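# Coordinate inspection notes
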Amino acid sequence: SPNYPNNYPHHQDCKFVIRMGNNQTSNRTIKLEFVDFNLEEYEECRWLFKLIFVSWYLSISEYLDVLIYFHIVIFRYDWIEIRDGKNENDPLIGNRLCGSKRPFPIVSSGNTLFMHFHSDNRGSAKGFKVRPEISKAKIDLLMIKGKVK
């Protein structure tokens, strides 16, 4: 995390891509182990508030209507998300990570993980240190003909 092993700063949105190997090793996976983990302490990762507000429905002409829609989510506290792939649209692995309990190791399905660390404007802690390891090759069993005994 930023400034590790000293406390990380406020207002951080850090995004990391961890990739092991290249296209020739794309059949490998990543095991991500948290060697140290200490984020702002609280019961659960949650948002401060979520506001969904529909402001206006405008009829501009007989052929065009406009709906103005606001959707605001403000996150509170500090957290890490880890996604199985190379960006924030890929599937979330487990839940958002927060607090001071060191998470179990995380294993990807491919050779890339995406990590997003967020800190708010209050509280700070030591942060985290991760150790990524490349795993042995995945074994894909493809049966073309016959039986497996």
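The preceding data block contains the structure.
Residues numbered from 1 in each chain as written. Predicted model: local features only at pLDDT ≥ 70, side-chain atom pairs only at ≥ 80, totals over all residues. Heavy atoms only, no water.

### Examining the overall build of the chain
This is how the line gets drawn: Helix numbering and strand numbering both begin at the N terminus, where a helix is a DSSP run of H or I of at least 4 residues and a strand a DSSP run of E of at least 2. Three labels apply to residues, based on accessible area from a 1.4 Å probe with only protein chains included: buried if under 20% of the type maximum, exposed if over 50%, partly exposed otherwise in between. In what follows, residue pairs with any heavy atoms lying within 4.5 Å of each other are defined as contacts.
When helices and strands are tallied, the chain shows zero helices and eight strands. Mapped in sequence order, the helices and strands of the chain form the string β-β-β-β-β-β-β-β. Scored against the burial criterion, the 149 residues of the chain give a buried share of 30%. Long-range contacts, defined here as pairs at least 24 residues apart, represent 77% of the contacts in the chain between residues at least 6 apart.

### As for the sheet that holds strand 5 (residues 79-83)
Which entries qualify depends on this criterion: Here, any two strands with at least 2 DSSP bridges between them count as paired. Helix axes use the C-alpha atoms of the stretch in contact, all axes being lines fitted to C-alpha atoms, and the angles between their N-to-C directions lie in the range 0 to 180 degrees.
Strand order in the open sheet formed by three strands is 1-7-5, with antiparallel pairing between adjacent strands. Because the sheet does not close on itself, it has two edges, and the strands there are strand 1 (12-19) and strand 5. Direction aside, neighbouring strands of the sheet carry axes that sit 15° apart on average. Taken together, the five bridges between strand 5 and strand 7 (residues 112-119) define a ladder with antiparallel strand orientation. Looking at the pairing, Glu 81 lines up with His 116 of strand 7.

### Comments concerning the sheet that holds strand 8 (residues 127-134)
Taken together, three strands build an open sheet; the order of strands is 6-2-8 and the sheet is antiparallel. Single-partner strands in this sheet number two, and they are strand 6 (106-107) and strand 8. Sheet analysis places strand 2 (residues 30-38) next to strand 6, joined by two bridges and oriented antiparallel. Of the residues in strand 6, the one forming a bridge with Lys 31 is Val 107.

### Notes on the nonpolar core
In plain terms, the rule: Joining through side-chain atoms within 4.5 Å is the link that ties buried Ala, Val, Leu, Ile, Met, Phe, Trp, Tyr and Cys residues into a set, and such a set is a nonpolar core.
In terms of nonpolar packing, the biggest core is built from 18 residues, with Phe 34, Ile 80, Ile 82, Met 115 and Phe 128 touching the most fellow members. Elements represented by at least two residues in this core include exactly strand 1, strand 2, strand 5 and strand 7.

### A word on unusual backbone geometry
Between Tyr 4 and Pro 5 the backbone carries a cis peptide bond, its omega angle lying at 10°. Residue Asn 3 is not a glycine yet carries a positive backbone phi of 75°. The residue Asn 3 is located in the segment before strand 1 in this model. Owing to a relative accessible area of 47%, Asn 3 belongs among the partly exposed residues under this scheme. Residues other than glycine seldom take positive phi values, yet His 11 does so here, at roughly 55°.

### Topic: the packing of aromatic side chains
Stated precisely, the cut-off is as follows: In summary, the pairing rule links any two rings of Phe, Tyr or Trp, Trp by its six-membered ring, whose centres are within 6.5 Å, and it sorts them by plane angle into stacked for under 30 degrees, edge-to-face for over 60 and tilted for everything else. For a ring to carry a charge above it, either NZ of a lysine or CZ of an arginine must fall within 6 Å of the ring centroid while also lying within 35 degrees of the normal to the ring plane.
If you walk through the whole model with that rule in mind, you get four aromatic pairs. The interplanar angle of 65° and the centroid separation of 5.5 Å between the aromatic rings of Phe 117 and Phe 128 together place this pair among those described as edge-to-face. Here Phe 117 is found in strand 7, whereas its partner Phe 128 is found in strand 8, with eleven residues between them in sequence. One exposure class covers both Phe 117 and Phe 128, and it is buried. An aromatic cluster is present here, built from Tyr 8, Phe 34, Phe 37, Phe 117 and Phe 128 joined pairwise through their rings. Geometry around Trp 79 places Arg 96 over its ring, the cationic atom sitting 3.9 Å from the centre.

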